Amino acid sequence: MNETIIYGLGGLVALAIAVLVVIKPTRPAALAALGWLASIGRRAWWWLRFRLTWKSVAREAGLSKRRTKRVKRMGVGEESIEKWRDPRLKRVKTSAHSVTLKVRTRRGQALADLEAFAPKLAATYSADAYRVFPAKRRAGSTVMFELVMRDLIKTPAVAAKPDPRMQTETVRLGRRQSGKPFDLQIEQRHTVAVGASGSGKGSILWGVVGSLAPSIAVDAVRAYGIDLKGGMELTMGAPLFTKIAVTGEQAVEMLRDFVAIADQRTEELRGHSRNHKPGPGDPLYLLVIDELASLTAYADREVKQEAERLLKRLLSIGRAVGVVVVAFVQDPRKEVIDMRGLFTQTIALRLRSAMETNMVLGDGMAPFAPAHRILKGAQGTAWIIDEDGSTDRVRADYWSDDLIRRVASLYPAEPELVTISDAAPGDLPGMQLSLTDGGSR
Ligand SMILES: Nc1ncnc2c1ncn2[C@@H]1O[C@H](COP(=O)(O)OP(=O)(O)OP(=O)(O)O)[C@@H](O)[C@H]1O
Ligand SMILES: [Mg+2]
């Protein structure tokens, strides 16, 4: 088997030399050709390596089953024959940075046994990361493993100014580990992002608010913020927010107004439509909460109880009527995670232990989405669970203070909305006048 590998690689090297000698390309063209050949060589090597070593790896990991059969042979008598049953490697697909394996269970094997094999597989082949997802066909017996052999999201990327189109459904936050774009759905979703201090929650926060800025400017989105850390984070992009609450009382007031808006919209939409579609003048209400725990865990008892009650209600009624919450949390303790079930999508940035990963993404998820293994220097990197239940690693682009300020001054919220406390009662549907202007201007 080693001969095949050696001949294959030898052939590629010979081809490379032939190209250089016969065509005599210019230096950049030669470098590009060599890069291309190196990539093909690498992919061929990965393909062969997985094909040739699959059975031995499966056997050593305890995925295969050995049977000993006794057979009678003429003139020899009884003889024992050893037979292995291995999970079947149905396909090996390579890309410039990853290898995807399609594997079918052997007879008598549970799909969960195969899925649990992913961390061992990744370690055996020194993969930087992995993910497991169901196969399109025969999902009951077949599983896909994607092993990232070269980490495309190792180097950080800087966010660009948002696309000036009005966009409320999804926002582009960065890249997936496959190199494809990472888009987050905003409409019809409540999102919670959990990550230790310095894990890069700010990139996700500004990725959401900054990308929605063109919609904020035409009043297709109204952003409100709760920032009980003295407004440190949100005031950087203050013009984008209609209001920012910086004290517990202001936050409770804001939550109360949001519940009122959601109630009123439910009333209006009943019998007409099941889902609200935002547009200019009929906006998506977005509530951004930086450090949810400062509201639900560390605040005074009264504020805490009222905030929790209102937030739980908002999370259960707001989604379909265009009133959504995007919250950020450092510490996934019980008080906060109590509400986890009400958030419809979760982003797990760097966490401190496998236990925290299980708390945030769900029991038993630590081996499939190891957020506790994200390195400190990989800020903005996170694990997510896609609609189909598969996990993926993503990295949000970095939003510098300067970019936040530039986008905020380019796409400010409509000024008349920001001075809401001077408006006459009933000017805004369901909006009460107790909203406090937390220094958002
Ligand atoms: N996407 C990113 N890529 C590269 N570096 C980043 C990224 N996001 C953040 N950083 C770096 O990490 C630092 C901390 O990030 P950030 O303030 O977003 O963390 P945080 O999770 O909000 O922390 P805290 O909970 O303490 O507020 C930033 O100052 C920046 O230098
Ligand atoms: Mg922060």
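About the thresholds
- Residues numbered from 1 in each chain as written.
- Chains lettered and ligands numbered in written order.
- Predicted model: local features only at pLDDT ≥ 70, side-chain atom pairs only at ≥ 80, totals over all residues.
- Heavy atoms only, no water.
- Pairing = 2+ DSSP bridges.
- Helix = DSSP H or I, 4+ residues; strand = E, 2+ residues; numbered from the N terminus.
- Axes fitted to C-alpha atoms, helices over the stretch in contact; angles between N-to-C directions.
- Contact = heavy atoms within 4.5 Å.
- Core = buried A, V, L, I, M, F, W, Y, C linked by side-chain atoms within 4.5 Å.
- Buried < 20%, exposed > 50% of the residue type's maximum accessible area, 1.4 Å probe, protein only.
- Domains from an automatic or database assignment.
- Polar contact = N/O pair within 3.5 Å; in protein donor to acceptor, adjacent residues only side chain to side chain.

## A closer look at the sheet that holds strand 5 (residues 129–134)
Line of reasoning, step 1. What the four strands build is an open sheet, ordered 3-4-6-5; its pairing is antiparallel. The two strands at the open ends of the sheet, each matched to only one other strand, are strand 3 (88–94) and strand 5. Strand-to-strand twist across the sheet, computed as the mean angle between neighbouring axes with direction ignored, equals 20 degrees.
Line of reasoning, step 2. Pairing of strand 5 with strand 6 (residues 142–148), which is carried by six bridges, proceeds in the antiparallel orientation. Bridge pairing in strand 6 links Pro134 to Val143.
Line of reasoning, step 3. Helix 2 (residues 27–60) rests against strand 3, strand 4 (98–104) and strand 6 of the sheet, and its axis sits at about 170 degrees to strand 3.

## Section: the nonpolar core
Line of reasoning, step 1. Ranked by internal contacts, the top residues of the largest apolar core, which has 67 residues, are Leu101 and Leu287.
Line of reasoning, step 2. Of the residues forming this core, the biggest block, nine residues, is contributed by helix 7 (residues 248–269).
Line of reasoning, step 3. Split by domain, the residues of this core number at least three in each of domain 1 (68–150) and domain 2 (170–422).
Line of reasoning, step 4. If we ignore the near neighbours within four places in the chain, the residues touching Leu287 are Tyr224, Ile226, Met254, Leu255, Phe258, Leu314, Val324, Val325 and Val326.

## Description of the side chain of Arg175
Line of reasoning, step 1. If you trace the backbone, Arg175 turns up in strand 7 (residues 170–176).
Line of reasoning, step 2. Here Leu152 takes part through its backbone oxygen, which lies 3.3 Å from a polar atom of the side chain of Arg175.

## Some thoughts on unusual backbone geometry
Line of reasoning, step 1. Despite not being glycine, Ser126 shows a phi value in the positive range, around 50 degrees.
Line of reasoning, step 2. Mapped onto the secondary structure, Ser126 falls in the loop between helix 4 (118–124) and strand 5.
Line of reasoning, step 3. With a phi angle near 60 degrees, Asp219 is a residue other than glycine that sits in the positive phi range.
Line of reasoning, step 4. If you trace the backbone, Asp219 turns up in the loop between helix 6 (213–217) and strand 10 (221–227).
Line of reasoning, step 5. What makes Asp219 buried here is its relative accessible area of 6%.

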